[in-house]
Amino acid sequence: MSSSDTPTLSCTLQIEWMNSQQMTTRKVNFKNGLLRMVRNGFREIFLEISDEKTARHKFHLKNMIVHKKFMNEGKCTINFKDDNARTMMSNAPPAQLVNFLKTMYIKLQGETGGKVSLKERLEGKSAMEEISPLTTKEVLRARDKVVPKDTSTTPKTTMNKKRPVKENDKAQAGHPPSKRRCIASAIETPLTAEQERVLNAVVSGRNIFFTGSAGTGKSFLLKKIISSLPPDSTFPTASTGVAACHIGGYTLHSFAGVGTGQGSLKRLVELARRPHVAQQWRKCKVLIIDEISMVDGRFFDKLEYVAREVRCNDKPFGGIQLVLCGDFFQLPPVGRSNSSGDEGQATFCFQSEAWDRCNLNCYELTVVHRQSDPVFIDILQNIRIGRITPEIVDRLQATINNKVDSAGILASRLCSLTKESQLINTSKLENLSGTEKEFKAIDSDSTLSNMLDIQTPVESLIKLKVGSQVMLMKNITLNDGLVNGARGVVVKFSEGLPVVKFRSGEYTVKYEKWTVKLMGGTTLTRKQLPLKLAWAFSIHKSQGLTLDCVEMSLAKVFEAGQAYVALSRAKSLATLRVLDFDPKQVWANPDVLKFYQRFRQNLAALELIPLGRKKSDLSRKPGPFI
């Protein structure tokens, strides 16, 4: 089981006691409260609430109601009917809150305490002890107790059979997940040892930068990090709108409140000192930046200066803990001219003065999860650093004969330019016979649809015909292969919705919801089919995707790392077709190569621990590469 499956939780708490008319008669607040699950001598489980100053309060975990609709935001309320009281939790690290509730549920499933007489209670056995963490045996035992109902109205279903209400529909409607789903989630995908090291470093309060080649689980780890931190003071951001939406955060420019970053430092500080912006800067304790490789180093320097000025703190970034994630071997930052004189080629963040000032602990993920073929992994690792051998050339040129199309699902072509991919998709759709159907997005604010087009992976208007090649843009059911990047073809329309044939089977695609966070606590939402035309895709927009059948033309590659990003989208050599491979189109930025060379040298130096010196002493050195 996960090390986080413990019977304790730290968060902000409020306890309210009510009278028979449900009017609050007493209230206690805990800014830094501690919840513990304890057990008495009769095996009864209680929830103990305390902090460092006040007395402890205990509530029997029996005859209660748990309101967990907002648990992914770190909030939850438990009503204790017998005590006529309730406790409200907030600012809890979402992952820890979910694990705490999961532990509570499973422990209560195995509770063996029976009815206890008053005489027995008076005789003793009242001493409380903390219950033990969850074990795999307890999870399996609890799962066996939950037997799914088998009635004529809820038949066993497959992907191509209709079902009255699906779990995804329940979740969107605000209903809690089923017990079986709750228990199934108890056995989660574990972190690797190197991912655990990064997470532990973040939780301990260090400034970190973690990197890794494509498919090493950077996004997966980043979501784990976000869910392990208090949400009120943690601000997840990304350099692009789609990446920000993917991690449930903000764009970096939106968080900073300085627009595009153009203008003098004095002007940027003035913008950041506006009351609603300054409040966010002062509230922030942890700033997370995804896709840091696409952030201009000049803008990074400006942000660091603004943070110190607005927070009135001379420490790097005004004392904010930084968590940076990205791969500098992939797509670089885009240069932009502005009135402050920042013209010409953009710089990488590691070339900025702020990078060294922030005393970053650096980590590299090395275990590749996207591909399993060691030969293909070795090819990609060489291409990542711009190294091409005759054997690699022969392997990639041979893929032109691969049959990657199957069952009417054609390989998506990756193009260097977005306009080229749009032109291919438009012409292919027009050439299909049959009636074209349009699907309009339902936006919470129609005046901001253009913003939602940029910050969500789906468009405001989707046009489809039978035979349209499409890509799924959201995870639906992982076990059924309905994942972000899954390829399919529209085979028919049923009740106004497209039925798509994926490699795993047919599925009627329904409207899904995306949420975009804006500073100030407001949010925008878009409901749309999670589909995109996929005869062609731009290399830039494919970043982060895993494609199960892909072909590419690399003749027009114009940036360092672009060929690597394209090739690393494929799962294997067998699902890849390169139409015109030219070794000259593969190169890595020389500045990035030098940075990673120093990176590896520092890593090697760290591993050479002198005799008689503790490893912990080295960990206190500024800016180690781990």
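Just so it is clear, the structure is predicted and the values come from calculations on it, not from any experiment.

A. Layout of the packing of aromatic side chains. Throughout the structure, instances matching the rule amount to 20 aromatic pairs. Where Phe209 meets Trp355, the ring centres are 5.1 Å apart and the plane angle is 70°; that geometry is what we call edge-to-face. With Phe209 in strand β9 (residues 208–212) and Trp355 in helix α13 (residues 353–357), this residue pair connects regions lying 146 residues apart in the sequence. Overall, Phe209 belongs to the buried group, its relative accessible area being 0%. The exposure class assigned to Trp355 is buried, which follows from its relative accessible area of 5%. With a centroid separation of 6.4 Å and 55° between ring planes, the pair formed by Phe209 and Phe595 is classed as tilted. Here Phe209, found in strand β9, pairs with Phe595, found in helix α20 (residues 590–607); they are 386 residues apart in sequence, far enough to count as distant. Accessibility assignment for this pair places Phe209 and Phe595 in one class, buried. Its guanidinium or amino end placed over the ring of Phe493, Lys437 lies 5.5 Å from that ring's centre, counting from NZ or CZ.

B. Highlighting the layout of surface pockets. In this model, the second largest pocket occupies a volume close to 530 Å³. Considering the residues around the second largest pocket, the lining is formed by 21 residues, among which Asn32, Asn91, Pro230, Ser233 and Lys285 are closest to the centre. Of the residues assigned to the lining of the second largest pocket, the class counts are 7 nonpolar, 10 polar and 4 charged.

C. Molecular detail of the UniProt feature "DNA-binding region" (unreviewed entry) in the chain. Under the present numbering, the feature "DNA-binding region" (unreviewed entry) in UniProt falls on residues 562–581. What you have in residues 562–581 is 30% helix and 15% strand, and the ends, taken at the C-alpha atoms, are 13 Å apart.

D. Fine view of the pairing of strand β21 (residues 497–502). Within β21, 5 of the 6 residues are buried, leaving the element largely enclosed by the surrounding structure. With 6 bridges connecting them, strand β20 (residues 487–494) and β21 associate as antiparallel partners. Considered in β21, the bridge of Val489 is made with Lys501. Linking β20 to β21, which pair antiparallel, is a turn of 2 residues; within it Glu495 sits at a positive phi near 50°. Two elements, β21 and strand β22 (residues 505–508), share 4 bridges in a ladder whose sense is antiparallel. Note that in β22 the partner of Val500 across the bridge is Tyr507. In textbook terms, the turn of a hairpin is the stretch between consecutive antiparallel strands, and for β21 and β22 this stretch comprises 2 residues.

E. Expanded view of the packing of helix α11 (residues 275–283) against helix α12 (residues 297–311). Between α11 and α12, whose axes approach to 10 Å, the crossing angle comes to 95°. It follows that α11 is roughly perpendicular to α12 by the angle criterion. On α12, the residues that touch Ala278, Trp281 and Arg282 of α11 are Leu303, Val306, Ala307, Val310 and Arg311. Here the residues of the contact of α11 with α12 are counted per class, giving 6 nonpolar, no polar and 2 charged.

F. View of the environment of Ser228. Summarising the element assignment, Ser228 is placed in the loop between α7 (218–227) and β10 (234–238). Owing to a relative accessible area of 14%, Ser228 belongs among the buried residues under this scheme. Remark: the alpha-carbon pair of Ser228 and Ala92, spanning 136 residues in sequence, is separated by 8.7 Å. When neighbours within four sequence positions are excluded, Ser228 is seen to be in contact with Pro93, Ala95, Gln96 and Leu199. For Ser228, the side chain forms a polar contact with the main-chain oxygen of Lys224, separated by 2.7 Å.

G. Structural view of the sheet that holds strand β27 (residues 550–552). The 4 strands are arranged β26-β15-β27-β28 in an open sheet whose pairing can be described as parallel. Looking along the sheet, the strands with just one partner apiece sit at the ends: β26 (536–538) and β28 (576–578). Averaged over neighbouring strand pairs, the angle between their axes works out to 25° when direction is ignored. Summarising the sheet, strand β15 (residues 412–415) and β27 pair through 3 bridges and their orientation is parallel. When the sheet's bridge partners are listed, Arg413 is paired in β27 with Glu551. The strands touched by helix α16 (residues 418–431) within the sheet are β15 and β26, with β26 carrying the most contacts at an inclination of about 165°.

What counts and what doesn't
Residue indices begin from 1 for each chain and proceed along its sequence in written order. The predicted nature of this model means local features are confined to residues of pLDDT at least 70 and side-chain atom pairs, given and counted, to a pLDDT of 80 or more, with totals for whole chains, interfaces and linings taken over all residues. Side-chain numbers come from the whole structure's heavy atoms, not from hydrogens or water. In summary, the pairing rule links any two rings of Phe, Tyr or Trp, Trp by its six-membered ring, whose centres are within 6.5 Å, and it sorts them by plane angle into stacked for under 30 degrees, edge-to-face for over 60 and tilted for everything else. Each helix corresponds to a stretch of at least 4 residues labelled H or I by DSSP, and each strand to a stretch of at least 2 residues labelled E; elements are numbered beginning at the N terminus. Relative accessibility under 20% of the residue-type maximum defines a buried residue, over 50% an exposed one, and the middle range a partly exposed one, all with a 1.4 Å probe and only protein chains included. Any Lys NZ or Arg CZ that is within 6 Å of a ring centre and within 35 degrees of that ring's normal is treated as a charge sitting over the ring. Here a cavity denotes a set of grid points, spaced 1 Å apart and computed over the protein atoms alone, in which a 1.4 Å probe fits but from which it cannot get out, and a pocket denotes an open set meeting protein on both sides within 12 Å along at least five of seven lines; residues with an atom within 4 Å of a point are reported as lining. Grid points are joined across faces, edges and corners, and a volume is the space filled by probe spheres set on the points. For this classification, Asp, Glu, Lys and Arg are treated as charged, while Ala, Val, Leu, Ile, Met, Phe, Trp, Tyr, Cys and Pro are nonpolar and the rest, including Gly, are polar. UniProt positions are given in the numbering used here, feature names are shortened, and annotations may be inferred rather than shown by experiment. By this definition, two strands are paired if DSSP reports at least two bridges between them. To obtain an axis, a line is fitted to C-alpha atoms, over the contacting stretch when the element is a helix, and the angle between two such axes runs from 0 to 180 degrees between their N-to-C directions. Should an angle lie under 35 degrees it is considered roughly parallel, over 145 roughly antiparallel, and from 65 to 115 roughly perpendicular; all remaining angles are considered oblique. The contact criterion used is simple: two residues touch if any of their non-hydrogen atoms lie within 4.5 Å. For the purposes of these results, a polar contact is taken to be a pair of N or O atoms within 3.5 Å, where, inside protein, one atom must be able to donate a hydrogen and its partner to accept one; residues adjacent in sequence count only when each atom of the pair is a side-chain atom.

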